[in-house]
Each structure stands twice: as structure tokens, then as C-alpha cells.
Amino acid sequence: MVGAKSGTWIYPFICFFFLLASLEVDASDVPMTLLHSAVAKGAVCLDGSPPAYHFSPGSGSGANNWLVHMEGGGWCRNVEQCLERKNNFRGSSNHMKPLSFSGILGNSKNSNPDFYNWNRVKIRYCDGSSFTGDVERVDPATNLHYRGARVWLAIMEDLLAKGMNKAENALLSGCSAGGLASILHCDKFRSLLPASAKVKCFSDAGYFIDGKDISGTTTVRSLYNDVVNLHGSGKNLPSSCTSRLSPSMCFFPQNVVPTMSTPLFILNAAYDAWQIKNTLAPSSADPRKSWNACKLNIKSCSSDQLEKMQDFRSQFLRALPASGNSSTGMFIISCYAHCQSGSQDIWLGADSPMIDKMPIAKAVGDWFYGRSVVRKIDCPYPCNSSCRNRVYE
């Protein structure tokens with residue numbers, strides 16, 4: 001029998017233990033599927049290994065609903081960069097480790113109320129082209145396979161066979177390079193699913209703009225031009241864009257979204273950390289490295305640098321789709337961040353970032369289910385005290 005004195009600390013400890021246990025269940029590793037059958041179709045990672053995804057089956061009211069999320073991780077623009085990826089999980093499933101689901105992929109009703117019991121899938125990113133590449137020839141000197149588009153289609157076919165062909169609700173999502181992929185593949189995804197299904201797309205930190213850097217040059221254009229040419233991406237980009245513009249210009253969502261037919265939600269930081277580092281202040285435009293401290297921590301930016309970042313925000317807002325289309329949802333927050341849907345404390349938590357007292361999870365859920373029109377554009381930095389601004393080492 002436990003005495004009153006010992007009980008005063010044992011019972012809180014038991015409660016804490018069960019809380020930890022519940023968090024552990026929500027964050028447990030999700031099994032990884034290696035799609036060996038895709039190899040015969042040439043649908044492989046950069047090193048020729050099979051593509052992979054993680055799958056957590058739906059249940060109850062979510063048994064016929066599907067959330068397919070694409071991992072991010074930048075791009076490789078030349079042979080040297082792609083060879084480097086062959087030796088890690090960005091280019092080979094042989095180097096992929098187990099991972100857990102959280103945020104938009106989480107399985108707790110309290111922390112992910114709209115999608116917790118859906119079929120939840122995370123597609124691993126190992127092609128370096130936002131799932132757009134398709135080059136038949138493989139150079140024996142490098143053994144590099146540029147097959148991202150084949151990987152995407154092979155995984156979609158496998159998921160359709162697992163029950164996605166009976167989907168009632170479906171959301172194609174992604175972060176960063178995966179967020180761009182969710183835009184580039186959005187209408188294709190819609191075409192694969194039943195006409196009766198509600199199908200939408202969600203891009204987290206994937207709205208990369210055709211912006212000018214601090215020297216006035218559009219440096220990011222050369223990056224996308226190299227990626228598209230190396231990976232043979234042109235034929236796999238939306239024809240509604242490539243019929244009007246060069247393929248590399250169709251890597252910019254602002255040139256693709258206006259002609260999309262499938263509803264899209266754009267989650268992005270107005271001061272996106274990747275774009276500040278690589279679009280606004282790339283190393284090529286900052287040879288003296290005067291932006292290094294600012295790019296690591298927005299609180300270290302000078303008044304002149306902050307002014308240029310405000311100009312970038314203005315460029316970003318001008319690149320967003322016009323407000324006339326109510327099916328397009330937005331949550332453009334004034335934080336220094338990149339990818340916000342995968343972290344539980346940012347997606348939905350006690351101190352989650354908000355706009356007008358609305359957290360990201362509620363904004364996305366309200367938009368998907370049509371509970372309200374969501375088009376949130378935050379005031380300029382540093383107005384939002386709820387921001388979790390990224391600080392890099």
C-alpha cells in the first residue's frame with residue numbers, strides 16, 4: 001500500500017509516464033516499403049536503388065481518405081552534385097533510415113484532427129529533380145539515373161493498387177522540393193483518382209519565386225535551368241505552362257498555378273529561409289559574405305538587410321495567384337522559416353505560429369473541407385510574436 005506522502009509524487013509520475021507513452025506512439029517509426037517492382041520500369045533513385053515510401057494505413061472514417069506527402073531536399077544541378085547524393089539518402093534508398101510521422105502526418109486526433117486517421121504516406125526523395133526527371137541513357141562512368149518522374153508514377157500506381165483507387169478524399173502534399181512537386185504533379189494526381197473523389201493539393205515551402213537577388217540578378221533561374229536540362233524534366237512539367245514558356249521557367253509555381261485546375265493550398269513563410277539564402281542573397285551575389293550572419297539568424301540582420309528582405313516579401317506577395325479564385329488557400333506567415341507542416345509544435349500546439357489567432361492545422365483543415373475560405377497573409381516582420389524563427393548553426 002502506498003502512503004499518502006509517496007503518493008503525492010508517484011501519481012504525477014504515472015500521469016507523466018502515460019503522457020510520454022502516448023507521445024511515443026504518435027512518433028513511432030513507420031515501416032518503409034522498398035518498391036523493388038519499380039526497378040524493372042527504370043523507376044529508381046539516382047544510384048539505381050529502388051524507390052521507397054512509408055505507409056500508415058487509415059482507419060474508421062478515414063479508411064478511404066489518402067494523404068500523400070513528398071519529402072523535400074533541394075535539387076542536384078550537375079553531375080558532381082548528383083554523385084554526392086548517391087552516397088546518402090538523398091540519392092539512394094540504401095542509405096535511408098526509419099522515420100516517424102508528426103504534424104500533418106501525425107496519428108493523434110488532438111494534434112492532427114482533420115487527417116489523423118487517413119491513409120498517410122511519405123514518399124522518400126532520392127532523385128534530385130522534384131520527381132520530374134526522365135533520361136533513358138545511363139552513363140556507365142557515373143551510373144547516375146535521372147528518373148524522378150518514373151519514381152513518382154510507380155509509387156502512385158502501387159498506392160492505387162493498395163486502395164487509393166477507391167479514395168473519397170485525397171491530398172497531395174510536400175515540403176520544399178516536395179512542396180514544389182505537389183504543385184507540378186497536382187493535376188496529374190487528380191487525373192489518377194476517381195472523378196467522385198475530393199482531391200486537393202498542399203504545398204509547404206514549395207512556392208519558389210522568380211525573384212531578384214541583392215545584385216539585381218535572377219540567379220535562381222540558372223539553377224532551375226541546370227536541373228531541368230540535366231534531368232530531362234521538360235516533358236514532365238505541366239503542358240499548360242511549357243506550351244507558353246521555356247521548361248525551366250515552369251519550375252516556378254507563379255507560372256504554373258494560374259492554369260491549374262485542382263484546388264491548391266500554399267503554406268509559405270514570406271521570409272522563406274531557403275529563398276533568402278539562395279534567391280535573395282546567394283553566395284555569388286555576396287562575395288564578401290556580409291549576409292552570412294543575417295542568413296543564419298534574422299535577428300542578426302542590419303537595417304539595410306531587413307529592408308531588402310521586406311522588398312523580397314513584396315516580390316513574393318506579387319508572385320502569388322490573384323485573389324479571385326476562392327479554391328486557392330493561403331497561409332503566408334511573416335516568419336523566418338522553411339517547412340512548417342511536419343513539426344508538431346508548429347503544425348498544431350500550445351505555442352504554434354498563428355495568423356489572426358488561427359494555427360496552420362486549422363487553416364488547412366478548414367480549407368480542405370470547405371468550412372471557410374482561407375487566405376491569410378500576415379503583416380510584415382517583426383509583427384508576429386508567435387513566429388518560430390529558424391536559427392542556423
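The rules we used
Residues numbered from 1 in each chain as written. Predicted model: local features only at pLDDT ≥ 70, side-chain atom pairs only at ≥ 80, totals over all residues. Heavy atoms only, no water. Helix = DSSP H or I, 4+ residues; strand = E, 2+ residues; numbered from the N terminus. Rg over C-alpha atoms; globule rule 2.2 N^0.38 Å. Contact = heavy atoms within 4.5 Å. Areas by Shrake-Rupley, 256 points an atom, 1.4 Å probe, with all protein chains shown as cover. Lys, Arg positive; Asp, Glu negative; His and termini not counted. Charge placed at Lys NZ, Arg CZ, Asp CG, Glu CD. Disulfide = S-S within 2.5 Å. Buried < 20%, exposed > 50% of the residue type's maximum accessible area, 1.4 Å probe, protein only. Salt bridge = Lys/Arg side-chain N within 4 Å of Asp/Glu carboxyl O. Core = buried A, V, L, I, M, F, W, Y, C linked by side-chain atoms within 4.5 Å. Pairing = 2+ DSSP bridges. Axes fitted to C-alpha atoms, helices over the stretch in contact; angles between N-to-C directions.

Caption draft 1: Quick look at the overall build of the protein chain. Counting its regular elements, the protein chain contains twelve helices and 13 strands. A globule of 393 residues ought to have a C-alpha radius of gyration of about 21 Å, and the protein chain, at 22 Å, matches this closely. Considered along the principal axes of its C-alpha atoms, the protein chain spans approximately 75 × 55 × 45 Å. A separation threshold of at least 6 residues defines the contact pool for the protein chain, and within that pool the share at least 24 residues apart is 75%. When the accessible surface of the protein chain is totalled, it reaches about 16800 Å², and 54% of it is carbon and sulfur. A distance of 2 Å separates the average location of the 39 positive side-chain charges in the protein chain from that of its 31 negative side-chain charges.

Caption draft 2: Molecular detail of the state of the cysteines. Per the stated rule, a full pass over the model turns up eight disulfides. Bridging Cys 76 to Cys 82, the disulfide has an S-S length of 2.1 Å. On the sign convention where negative means left-handed, the S-S torsion of about 90° between Cys 76 and Cys 82 marks this disulfide as right-handed. The pair Cys 76 / Cys 82 is uniform in exposure class, with both members buried.

Caption draft 3: Highlighting the pattern of salt bridges. For the structure shown, the criterion picks out 14 salt bridges. A salt bridge links Lys 41 to Glu 157, with the nearest nitrogen and oxygen atoms 3.1 Å apart. Of this pair, Lys 41 sits in the loop between β2 (32-34) and β3 (52-56) while Glu 157 sits in helix α3 (residues 148-161), and the two are 116 residues apart along the sequence. Owing to a relative accessible area of 45%, Lys 41 belongs among the partly exposed residues under this scheme. We note a salt bridge from Arg 371 to Asp 114, for which the minimum N-O separation is 2.9 Å. Taken together, the residues Arg 371 in the loop between α12 (360-369) and β13 (375-377) and Asp 114 in the loop between β5 (99-100) and β6 (119-123) connect sequence positions 257 residues apart. What makes Arg 371 partly exposed here is its relative accessible area of 45%. The exposure class of Asp 114 is buried, given its relative accessible area of 14%.

Caption draft 4: Broad picture of the nonpolar core. The biggest cluster of nonpolar side chains holds 74 residues, and the ones touching the most others in it are Trp 75, Met 164, Phe 189 and Met 309. It is α3 that contributes the most residues to this core, seven residues altogether. Ignoring anything within four residues of it in the chain, the contact list for Met 164 reads Trp 66, Val 68, Met 156, Leu 159, Phe 189, Leu 193 and Pro 194. Within the second largest apolar cluster, 29 residues are counted, among which are Ala 269, Ala 337, Met 358 and Ala 361.

Caption draft 5: Expanded view of unusual backbone geometry. The residue after Tyr 381, namely Pro 382, is reached through a cis peptide bond having omega 10°. At Asn 143, a residue that is not glycine, the phi angle is positive and equals roughly 55°. Looking at Asn 143, the relative accessible area reads 35%, which means it is partly exposed. Its identity is not glycine, yet Asp 356 carries a phi of approximately 50°, on the positive side. Note that Asp 356 resides in the loop between β11 (354-355) and β12 (358-359).

Caption draft 6: Spotlight on the sheet that holds strand β9 (residues 264-269). One open sheet accounts for nine strands, arranged β2-β3-β6-β4-β7-β8-β9-β10-β13; its pairing is mixed. Both edges of this open sheet fall to β2 and β13, since each of them pairs with a single strand only. Recorded for the sheet is a direction-independent mean angle of 15° between the axes of neighbouring strands. Here four bridges tie β3 to β6, and the two strands are oriented antiparallel to one another.

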